[in-house]
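Read off the chains here:
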Amino acid sequence: MDVPVWIEAGLWGLLAGGALVIGAAVAWLVDVPRRVVASIMAFGAGVLISALSFDLVDEAEELGGLTPTVLGFLAGALVYVGANLVLARYGARHRKRSGEEQASEDEQAGSGTAIAIGALLDGVPESVVLGLTLVSGGGVGVPVLAAIFVSNLPEGLSSAAGMKRSGRSARYVFGVWGGIALASGLAAMAGCLLLDDASPTTIAAITASAAGAILAMVADTMIPEAFERTHLYVGLLATIGFLCAFTISRAG
């Protein structure tokens, strides 16, 4: 029996979001050096930049034209940055940092909730786009799936390491990342189900909007953590990640 496309989208989203849980588990069970975490983060940043460049923005422009792509891309970045600024005031500014930068609940009341919401903010745009790749009926976008999965591993690893150092409990850490993984599946499902009959212009605008939010997230949260520990090597590691994702995209 064939599985409905929207359910398939949800399962792919859950798989991609599950990488966050895997990364969190590694950070919780193993004391991974921060330089290693930062190196993986730099690689993941390059992977995401490649995916949003060649598999999101480029395809959005081809599908719906330049204007909705540009407006959607800018809107996505503005919404993300605006929401991120609000969450930063409540203690979520360093949610992806692996050291002692994350605020504990004792240091800032409500920071735990803000960090959880921030993690959700980071993950939803990626998952919506993943669901959109199935709308055409050609199967999941492998380059996008690979990019999200590879980048989610260091995100979960780094953030969970920081949560652990700030005194968060295992229940909180895995509750957050398990919830985000589930939300990723639901977001991918929604992206496929609700936009199945949308016009090319609408799909292009939403795809570009998600890409803009992803780029803002990479610049605001992933690159700072990577640069702090890898310094001069972050550019090389990001370049390698970019090339790996680009190769997957073209080979597919």
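Values in this document were obtained by computation on a predicted structure and should not be read as measured data.

A. Here's a closer look at the overall build of the chain. Along the chain, the regular secondary structure elements total eight helices and zero strands. Expressed as a percentage of the 252 residues in the chain, the buried residues total 48%. Intrachain contacts of the chain at a sequence separation of at least 6 include 84% that bridge at least 24 residues. When the accessible surface of the chain is split by element, carbon and sulfur atoms take 68% of a total near 11300 Å².

B. Quick peek at a nonpolar patch on the surface. Side chains of L11, L14, L182 and L186 sit close together on the surface and give an oily, nonpolar patch of about 380 Å² of accessible area. For the nonpolar patch, the secondary-structure elements that each account for two or more residues are α1 (5-29) and α6 (170-193). Topologically, L186 is positioned in helix α6.

C. Geometry of the packing of aromatic side chains. Throughout the structure, instances matching the rule amount to three aromatic pairs. For the ring pair W28 and F174, a centre distance of 6.2 Å and an interplane angle of 70° mean the geometry is edge-to-face. Placement of the pair is W28 in helix α1 and F174 in helix α6, with a sequence separation of 146 residues. Exposure remark for F174: the relative accessible area of 28% places this residue in the partly exposed category. Between F54 and F242, the ring centres sit 5.7 Å apart and the planes meet at 70°, which makes this aromatic pair edge-to-face. Taken together, the residues F54 in helix α2 (residues 34-64) and F242 in helix α8 (residues 234-251) connect sequence positions 188 residues apart.

D. Quick look at the packing of α1 against α6. Two numbers describe how α1 lies on α6: the axes approach to 7 Å, and their chain directions differ by 160°. With respect to each other, α1 and α6 are oriented roughly antiparallel. For α1 against α6, the interelement crossing comes out right-handed. For the contact of α1 with α6, a count of residues per class yields 20 nonpolar, seven polar and no charged.

E. Quick look at a negative patch on the surface. Residues D58, E59, E61 and E62 make up a contiguous surface patch of negative charge. Residue position: D58 is located in helix α2.

F. A look at the pattern of salt bridges. One pass over the structure, following the stated rule, counts one salt bridge. Between D31 and R165 there is a salt bridge whose closest N-O contact spans 3.7 Å. Here D31, found in the loop between α1 and α2, pairs with R165, found in helix α5 (residues 142-165); they are 134 residues apart in sequence, far enough to count as distant. Owing to a relative accessible area of 66%, D31 belongs among the exposed residues under this scheme.

G. Geometry of the UniProt feature "transmembrane region" (unreviewed entry) in the chain. The sites that UniProt annotates as "transmembrane region" (unreviewed entry) are residues 6-29, 36-54, 66-87, 170-195, 202-219 and 231-249. Split by type, residues 36-54 is 100% helix and 0% strand. Its first and last C-alpha atoms lie 28 Å apart. Spanning residues 202-219, this segment combines 100% helix with 0% strand, and its end C-alpha atoms are found 26 Å apart.

H. How the structure looks around the nonpolar core. Counting residues in hydrophobic clusters, the biggest one holds 32 residues, and the most contacted among them are L48, L56, L130, V218 and M222. Mapped onto this core, the elements with two or more residues apiece are α1, α2, α3 (66-88), α4 (111-132), α5, α7 (200-230) and α8. Tallying contributions element by element places α7 first for this core, with nine residues. Residues L20, A24, A119 and A160 belong to the second largest nonpolar core, which totals 15 residues.

I. Molecular detail of empty space enclosed by the protein. Counted by the stated rule, this structure contains two cavities of 30 Å³ or more. Of the pockets and cavities examined, the largest cavity occupies roughly 60 Å³. Lining the largest cavity are 14 residues; nearest its centre among them are L20, G123, E126, N152 and S184. Going through the elements one at a time, α1, α4, α5 and α6 are the ones with two or more residues in the lining of the largest cavity. Broken down by element, the residue count for the lining of the largest cavity peaks at five residues, all from α4. The space that makes up the second largest cavity amounts to roughly 50 Å³. Forming the boundary of the second largest cavity are L48, A51, L52, L56, V144, A147, I148 and I214. Those elements giving two or more residues to the lining of the second largest cavity turn out to be α2 and α5. With four residues, the single largest contributor to the lining of the second largest cavity is α2. Classifying every residue of the lining of the second largest cavity by side-chain character gives eight nonpolar, no polar and no charged.

Basis of the calculations
Residues numbered from 1 in each chain as written. Predicted model: local features only at pLDDT ≥ 70, side-chain atom pairs only at ≥ 80, totals over all residues. Heavy atoms only, no water. Helix = DSSP H or I, 4+ residues; strand = E, 2+ residues; numbered from the N terminus. Buried < 20%, exposed > 50% of the residue type's maximum accessible area, 1.4 Å probe, protein only. Contact = heavy atoms within 4.5 Å. Areas by Shrake-Rupley, 256 points an atom, 1.4 Å probe, with all protein chains shown as cover. Patch = residues over 30% accessible without salt bridge, like charges linked within 9 Å, V, L, I, M, F, W, Y side chains within 5 Å. Salt bridge = Lys/Arg side-chain N within 4 Å of Asp/Glu carboxyl O. Phe/Tyr/Trp six-rings, centres within 6.5 Å; stacked < 30°, edge-to-face > 60°. Axes fitted to C-alpha atoms, helices over the stretch in contact; angles between N-to-C directions. Parallel < 35°, antiparallel > 145°, perpendicular 65-115°, else oblique. Left-handed = near helix turned anticlockwise from the far one by under 90°. Nonpolar A, V, L, I, M, F, W, Y, C, P; charged D, E, K, R; others polar. Lys, Arg positive; Asp, Glu negative; His and termini not counted. Charge placed at Lys NZ, Arg CZ, Asp CG, Glu CD. UniProt positions renumbered as here; feature names shortened; annotations may be inferred. Core = buried A, V, L, I, M, F, W, Y, C linked by side-chain atoms within 4.5 Å. 1 Å grid on protein atoms, 1.4 Å probe; cavity = no way out; pocket = protein on both sides within 12 Å on 5 of 7 lines; lining within 4 Å. Points joined across faces, edges and corners; volume = space filled by probe spheres on them.

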